[in-house]
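Listed below are the residues making up each chain.
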Amino acid sequence: MPNPTAIPTLPENAPFTPEQRAWLNGFLAGIFHDRVQGVPAATAPAAPARPLLVAYGSQSGSAAGLAKRIAKDAAARGFAPTVRELNSVPPAALASEARVVVVTSTWGDGDAPDNATAFWSALSAPDAPALPSTAFAVLGLGDRNYTDFCGAARKFDERLAALGAQRLLPRAECDVDYEATAKTWIDSLWPLLSAVEGTADAPTPGALPAAPAPCSPLPASPAWSRTHPFPARLKTNRRLNSPASTKDTRHLEIALGDSGLIYEAGDALGVAPRNCPALVEELLAALELSGEEPLGIPDVPAPSLHAALLESFVITQAPPAFVREASARSPGSVLESMLAPERKADLDKWLFGRDVVDVLRACPGARFSPAEIAGVLRKLQPRLYSISSSPKAHPGEVHLTVGAVRFEAHGRARRGVASCWFADRVVVGETPVPVFVQASHGFRPPSDGNVPIIMVGPGTGIAPFRAFLEERRATAAGGRNWLFFGDQRRDDDFLYSEELVPMRDDGFLTRLDLAFSRDQEAKVYVQHRMEENAAELWRWLEEGAHFYVCGDAKRMAKDVDAALHAVVAKAGGRSPEAAAEYVAALKTAKRYQRDVY
């Protein structure tokens, strides 16, 4: 028999988030505690928790992670938080929310992330509802190297205010090194949220907060994170291109050892790289410093300036603060006149492809102490790489597909920080490779293995689709698989051909459409193959296929998106407007997902 003195709790399989379950269990405890002690519940009513909607737009997972952190902190402070992807929040529903926190990254040229585009379309529409009873705050994540820094956050912030919502505090605009700025902003948020009162706090009788978008059921071990990565070891470093290729793409296998790190197909691996030692030496020479000088900065534990430049700071790009300071210390330099606001375009053009050494050489006489140079450089951030393996096929290890970036610019050799660190300086079995798992916000193969999938991944964009195929083979998924892959030349750049061709031949890979741009006079790309197969592609979509894209965000992803709209319009017999609605519906249903960079 049930224990009459027990305090009831929700079962673990109840359809609520951990935060919702914790709040409801606390609410039940408040009601029943005195009752089981023999005291009428009415003598000690439980104060209802204050609802809080935390909505996010996230392309790589960082914004989603911050949103969940805010919700966790909110629950501990007496709020009843609900976490939702922005696309799952109808703007009309905001009118019934007293408190809303929006966390969003920015994609492309100031655009909203994929899981926030439908929300922005509805919010920016002329018939969007007024929001006089809603208090809001916006936290933006971005990268100052892009022109429209935190553009999506700015758009959301300004539009919510224009609809009459009350801005609780100025939006935060966080650079790639976002932790400190985000923490300060979040800490200042709590008293403002606590002071909000409104009719939106009154719940509909019998209603409960809507369940958020599902999260990964297999989170990475909390012991290892962005700020505390695991020192893994490289097992394999194999070049995938032929010696005749102009490209250098590496297949990397990393042993996870006893880290406890776990991942799923579709996740990314964060890697904390090191700068090129030769570039560090060039920079020290330009600074006229030995590198042995102590840094004397508490939040940079490096024992010397040399170590800090190697491990802690971005030196391949010149941040605005450094450019301004170097120019100020070198009157008459070539940069001085370009710092005027009206010459920003000229400055951006000059800086493109140049690094910190270039700026110092253009500013003769500019001198910095170790602490001063550290104060105007940006922190070196981890790189996120799409994982190219399934843990079911390769337990205890993770695979990456990394293209080494090497080029000449302004008379000097340039190298990608992380890619050339892997290719040239990480010694197999010896050099520690600091890593952590960045869980995907939804870029995964369908949970139903019978659902067909279409994958578009040229170049290193093949990475997650190799993982998808390994996962579906390991789980005996019966759904059809279609891959569009492309690169420069078939003989030199057909990555993983030794795996993909047998998959096609044995029928597991239902279709393999290839586009090698330089094997013929007219360049052919994956989007051309899509349009050539428009009727079949449309048929797959109508039969429920999920459509995935991975790779370059600036060109390829936009071209593929345009091709998808063209396929729907042509093969589906739809107007451009109806085709756009169809594609938007695919995104909302999570049948069109992108992992782009």
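What comes next concerns the included structure.

Calculation rules
- Residues numbered from 1 in each chain as written.
- Predicted model: local features only at pLDDT ≥ 70, side-chain atom pairs only at ≥ 80, totals over all residues.
- Heavy atoms only, no water.
- 1 Å grid on protein atoms, 1.4 Å probe; cavity = no way out; pocket = protein on both sides within 12 Å on 5 of 7 lines; lining within 4 Å.
- Points joined across faces, edges and corners; volume = space filled by probe spheres on them.
- Nonpolar A, V, L, I, M, F, W, Y, C, P; charged D, E, K, R; others polar.
- Helix = DSSP H or I, 4+ residues; strand = E, 2+ residues; numbered from the N terminus.
- Expected span 1.5 Å × (residues − 1).
- Buried < 20%, exposed > 50% of the residue type's maximum accessible area, 1.4 Å probe, protein only.
- Salt bridge = Lys/Arg side-chain N within 4 Å of Asp/Glu carboxyl O.
- Arc of directions from axis to C-beta.
- Phe/Tyr/Trp six-rings, centres within 6.5 Å; stacked < 30°, edge-to-face > 60°.
- Pairing = 2+ DSSP bridges.
- Axes fitted to C-alpha atoms, helices over the stretch in contact; angles between N-to-C directions.
- Contact = heavy atoms within 4.5 Å.

Applying the stated criterion to the full structure yields 1 cavity of 30 Å³ or more. As a volume, the largest cavity reaches approximately 150 Å³. Residue lining of the largest cavity: 13 residues in total, with N115, H441, K590, Y592 and Q593 positioned closest to the centre. Classifying every residue of the lining of the largest cavity gives 2 nonpolar, 6 polar and 5 charged.

Our next topic: helix 2 (residues 62-76). Along its 15 residues, helix 2 runs 22 Å from first to last C-alpha, staying within 8% of the 21 Å computed at 1.5 Å per residue. Turning to helix 2, its buried residues number three or more, namely S62, A63, A64, L66, A67, I70, A71 and A74. Trailing helix 2 by a residue or two, G78 shows a phi angle of about 95 degrees, which is positive.

With that out of the way, let us pick up the pattern of salt bridges. Scanning the entire structure with this criterion turns up 41 salt bridges. One salt bridge in this structure joins D487 and K247, with 2.8 Å as the shortest N-O distance. Note that D487 is positioned in strand 16 (residues 481-487) and K247 in the loop between strand 7 (230-239) and strand 8 (249-255), a separation of 240 residues in sequence. A salt bridge links E282 to R361; its shortest N-O distance comes to 3.4 Å. One end of the pair, E282, is in helix 7 (residues 277-287); the other, R361, is in helix 11 (residues 356-362), with 79 residues separating them in the sequence. Given the relative accessible area of 29%, E282 is considered partly exposed.

Even without a glycine there, the phi angle at H410 is positive, about 55 degrees. Among the structural elements, H410 can be located in the loop between strand 12 (406-409) and strand 13 (412-415). In the Ramachandran plot, A476 falls in the positive-phi region, its phi being about 55 degrees despite a non-glycine side chain. Summarising the element assignment, A476 is placed in the loop between helix 14 (463-474) and strand 16.

Bringing helix 20 (residues 576-588) into the picture now. Compared with an ideal rise of 1.5 Å per residue, which puts 13 residues at 18 Å, helix 20 spans 18 Å between its outermost C-alpha atoms and is within 8% of the ideal. The set of residues buried in helix 20 consists of A579, Y582, V583, L586 and K587. Down the axis of helix 20, the sector holding all buried residues measures 145 degrees, keeping them to one side. Turned more than 90 degrees away from the buried face of helix 20 sit E577 and E581, all of them exposed. The positive-phi residue at the C-terminal boundary of helix 20 is K590, with phi of around 60 degrees.

Here we come to the packing of aromatic side chains. This model, assessed by the stated rule, comprises 19 aromatic pairs. Relative to F422, the ring of Y385 lies with its centre 6.3 Å away and its plane at 65 degrees, an arrangement referred to as edge-to-face. Here the residue Y385 occupies a position in strand 10 (residues 383-386), and F422 occupies one in helix 13 (residues 417-425), the gap between them amounting to 37 residues. Accessibility assignment for this pair places Y385 and F422 in one class, buried.

This part covers the sheet that holds strand 18 (residues 546-551). Backbone hydrogen bonds are what pair the strands of a sheet, in a parallel or an antiparallel way. Here we have 5 strands laid out as an open sheet, ordered 17-16-15-18-19, and parallel in their pairing. Two strands in the sheet have a free side with no partner beyond their single neighbour: strand 17 (511-516) and strand 19 (592-596). Shown here is a sheet whose adjacent strand axes are inclined to one another by a mean of 10 degrees, direction ignored. Where strand 15 (residues 453-456) and strand 18 come together, 4 bridges link them in parallel fashion. The residue bridging I453 from the neighbouring strand is H546, located in strand 18. Sheet strands in contact with helix 14 are strand 15, strand 16, strand 18 and strand 19, and its direction is about 155 degrees off that of strand 15. Running at roughly 155 degrees to strand 18, helix 19 (residues 556-571) makes contact with strand 15, strand 18 and strand 19 of the sheet.

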